[in-house]
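Okay, here's what each chain looks like letter by letter:
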Amino acid sequence: MSSHSEQSLQFVLKVSARCNLNCTYCYVFNKADQSWKSRSALMGDAVFDAAIGRIRRHCIASGQSIVRLMFHGGEPLLVGPRRFRGWLDRIAAELDGIVKVRLAIQTNATLIDDEWARLFAERAVEVGVSLDGPQAVNDRFRIDHAGRGSYLNVVRGIETLRRHGAAFSLLSVIQPGADGAAIYRHFRGMSPGTINFLFPDHNHDDIAAVRARHGDAPIFDFLRPVIDAWILDCGTGPEVPLLRNMCRLIMGGESRSDMFGNSALGFVFVEVDGEIEGLDVLRLDGEGVSACGANVLANDFSAIAQLSDFHDRAIFRGLPLPGGCMDCPERRTCAGGYLPHRYSAARGFDNPSAWCTDIQLLFSYLRRLLDVDVEETEMRRSLLVEMAEERLA
Ligand code: SF4
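The following paragraphs examine the structure supplied in this document.

Parameters at a glance
Counting restarts for each chain, with residues numbered from 1 along the sequence as it is written. With pLDDT at 70 or above as the cut-off, local features in this predicted model cover only qualifying residues; side-chain atom pairs require 80 or more to be listed or tallied, and sums for whole chains, interfaces and linings still use all residues. In this description a helix means any DSSP run of H or I spanning at least four residues, a strand means any run of E spanning at least two, and both kinds are numbered starting from the N terminus. The quantity called the radius of gyration is restricted to C-alpha atoms. Its globule counterpart is 2.2 Å times the number of residues to the power 0.38. Exposure criterion: with C-beta atoms placed from backbone coordinates, a residue whose C-beta has 20 or more other C-beta atoms within 10 Å is buried, one with 12 or fewer is exposed, and one in between is partly exposed. Two residues form a contact once the distance between their C-beta atoms, set from the backbone, is within 7 Å. To decide whether a residue is near a molecule or strand, its C-beta atom is placed from the backbone and checked for lying within 6 Å of it. Asp, Glu, Lys and Arg are counted as charged, while Ala, Val, Leu, Ile, Met, Phe, Trp, Tyr, Cys and Pro are counted as nonpolar; the rest, among them Gly, fall into the polar class. Nonpolar core, as used here: buried Ala, Val, Leu, Ile, Met, Phe, Trp, Tyr and Cys residues forming one set through C-beta atoms within 7 Å. Strands pair, by our definition, only if DSSP identifies at least two bridges between them. To get an axis, fit a line to the C-alpha atoms, keeping to the stretch in contact for a helix; angles then go from 0 to 180 degrees between the N-to-C directions. In this scheme, roughly parallel covers angles under 35 degrees and roughly antiparallel covers those over 145, while 65 to 115 is roughly perpendicular and the rest are oblique. Here a crossing is called left-handed whenever its near helix is offset anticlockwise from the far helix by less than a right angle, and right-handed whenever the offset is clockwise. By this rule, a helix spans an expected 1.5 Å times one less than how many residues it contains. Each direction from the helix axis to a C-beta atom contributes to the arc, which is the arc of those directions.

1. Description of the overall build of the chain
Secondary structure summary: the chain contains 13 helices and nine strands in total. Taken over the C-alpha trace, the chain has a radius of gyration of 21 Å; the compact-globule value for 393 residues is 21 Å, and the two agree within 12%. For the C-alpha atoms alone, the extent of the chain along its principal axes is close to 55 × 55 × 45 Å. Counting over 393 residues, the chain shows a buried share of 41%. Summarising the internal contacts of the chain: among those between residues at least 6 apart in sequence, 73% fall at separations of at least 24.

Shown next, in the form of structure tokens:
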């Protein structure tokens, strides 16, 4: 039987530690951790090869049948299409016949040209495009190093993807105070596969300024009209995984994202220099918090278990529910929210989410729409567990 550190994993390859944009809220460049300054700009071939070799070993040890490899940064397109194509060939040579590979990339889309779009379409790379809304919303924060907005270049990138038939989804950081329904409609007009809304990255030590400026529940205020518009679309619009996942949890199902549910993360990050990280957004919470001490140049992913109990638990076993969540009616659905948002310097990660008020309001609102209270969720959950056990028996 395999140990917990040989369980299935998904991988995020951070192939660039630089970006042609300088979004003001970026957790890589503009939050607590500044380790990007001491890293090389791009991942070299030796680190890439070592990462793929380690991934191969892990997939063989874990026996997993599917692995998702996500290219990430900084801005991953800075590596250039020729090098990227060579890396895809290397992945195929190492992993074909061992494990089915799903490829994805998260990009600001401003550098997408015909060559990139053709490559993504040919090699079935799922493209996630970062965009926060119409030009006036997006260009407030998603700016380049000269302070110019990125919207028009992003739209040009999306049009290029569409011309080549490359599938894309949108990743959007919620902007407190903005009109959620207008943003949802704007995105729907672009026909993405999904619209992934993210809560802004704040923890207990820096959220007070957001609330002072935007009120007690700015994320709920943003998402409530999005929920209404999404439900009115009756499944004819793009999928909104954040809302779908909350509905799934209310109906007794398991979470399919790390935003809710407090399950083991099940994925790791590999930095440009080969450093292995548990969850790169933890940089938000302090210098070095995301690092676990392992590097693909020296270690297999199973070494995480020996090097960092915190990362081992977060990635493979799951962390305990924060003490402040124990009596919450949503402790089995929300279950503390997204890990980086739980942090405070005083108590580490043993806090409810800094977005707790918003989350409770969102669950209440969705519960009313679905007409499912907490007791019914528990009944449904037990029933689903029973049915799963019967299938296994
Ligand atoms: S809603 Fe708040 S208290 Fe309840 S589980 Fe989530 S973070 Fe914890």
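2. Examining the site of the ligand
Within the structure, the ligand sits among 14 residues, and Cys-325, Cys-328, Cys-334, Pro-352 and Cys-356 are positioned closest to it. When grouped by side-chain class, the residues that make up the shell around the ligand number seven nonpolar, five polar and two charged.

3. As for the nonpolar core
With 101 residues, the main nonpolar core has Phe-11 and Leu-13 as its most contacted residues. With seven residues, helix 8 (residues 218-232) is the largest single contributor of residues to this core. Residues contacting Leu-13, with those up to four places away along its chain left out, are Ala-51, Leu-69, Met-70, Phe-71, His-72 and Val-270.

4. A closer look at the sheet that holds strand 2 (residues 66-72)
Taken in spatial order, the nine strands line up as 6-5-4-3-2-1-7-8-9 in an open sheet, and their pairing is mixed. This sheet does not close on itself; its edge strands, each paired only once, are strand 6 (195-198) and strand 9 (291-295). Ignoring which end each strand starts from, the neighbouring axes of this sheet average 25° apart.

5. Here's the deal with the packing of helix 1 (residues 45-62) against helix 2 (residues 81-95)
At a minimum axis separation of 10 Å, helix 1 and helix 2 run at an interaxial angle of 30°. When the axis of helix 1 is compared with that of helix 2, the two are roughly parallel. Once helix 1 is placed against helix 2, the crossing between them reads as right-handed. Where helix 1 abuts helix 2, its residues Phe-48, Asp-49, Ile-52, Gly-53 and Arg-56 lie against Trp-87, Arg-90, Ile-91, Glu-94 and Leu-95. Here the contact of helix 1 with helix 2 is built from residues that sort into five nonpolar, one polar and four charged.

6. Here's the deal with the packing of helix 8 against helix 12 (residues 356-370)
The interhelical angle for the contact between helix 8 and helix 12, taken along N-to-C directions, is 25°, at an axis separation of 9 Å. If you check the angle between helix 8 and helix 12, you find them roughly parallel. For the crossing formed where helix 8 meets helix 12, the hand is right-handed. Between helix 8 and helix 12, the contacting residues are Ile-219, Phe-220, Leu-223, Arg-224, Ile-227 and Ile-231 on the first element and Asp-358, Leu-361, Leu-362, Tyr-365, Leu-366 and Leu-369 on the second. A per-class count over the contact of helix 8 with helix 12 returns ten nonpolar, no polar and two charged.

7. Side note on helix 5 (residues 151-163)
Between its first and last C-alpha, helix 5 extends 18 Å over 13 residues, near the 18 Å set by a 1.5 Å rise per residue. When helix 5 is considered as a whole, its buried residues turn out to be Tyr-151, Val-154, Gly-157, Ile-158 and Leu-161. Around the axis of helix 5, the buried residues are gathered within 120° of arc, so they sit on the same side. On its buried side, helix 5 packs onto helix 3 (114-122), strand 4 (125-130), helix 4 (135-141) and strand 5 (168-173). Phi turns positive, to about 70°, at Gly-165, one or two residues after helix 5.

8. A word on helix 6 (residues 180-188)
Counting along an α-helix, one turn takes 3.6 residues, and residues three or four places apart therefore face a common direction. Listed in full, the buried residues belonging to helix 6 are Gly-180, Ile-183, Tyr-184 and Phe-187. End-on view of helix 6: buried residues confined to an arc of 100°, all on one side of the axis. Residues of helix 6 that are buried make contact with helix 4, strand 5, strand 6 and helix 8.

9. Focus: the environment of Arg-39
The topology assignment puts Arg-39 in the loop between strand 1 (10-14) and helix 1. The spatial distance from the C-alpha of Arg-39 to the C-alpha of Gly-278 is 18 Å, given a sequence separation of 239 residues. Ignoring any residue separated from it by four or fewer positions in sequence, one finds Arg-39 in contact with Ala-17, Glu-271, Val-272 and Asp-273.

10. A short note on unusual backbone geometry
Of note, the bond from Gly-73 into Gly-74 is cis; its omega dihedral lies within 30 degrees of zero at 15°. Positioned with a positive phi, Ala-109 is a non-glycine residue whose angle comes to about 70°. Of note, Ala-109 is situated in the loop between strand 3 (100-107) and helix 3. A positive phi angle, near 55°, is found at Asn-262, a position not held by glycine. Relative to the assigned elements, Asn-262 resides in the loop between helix 9 (241-250) and strand 7 (267-270).

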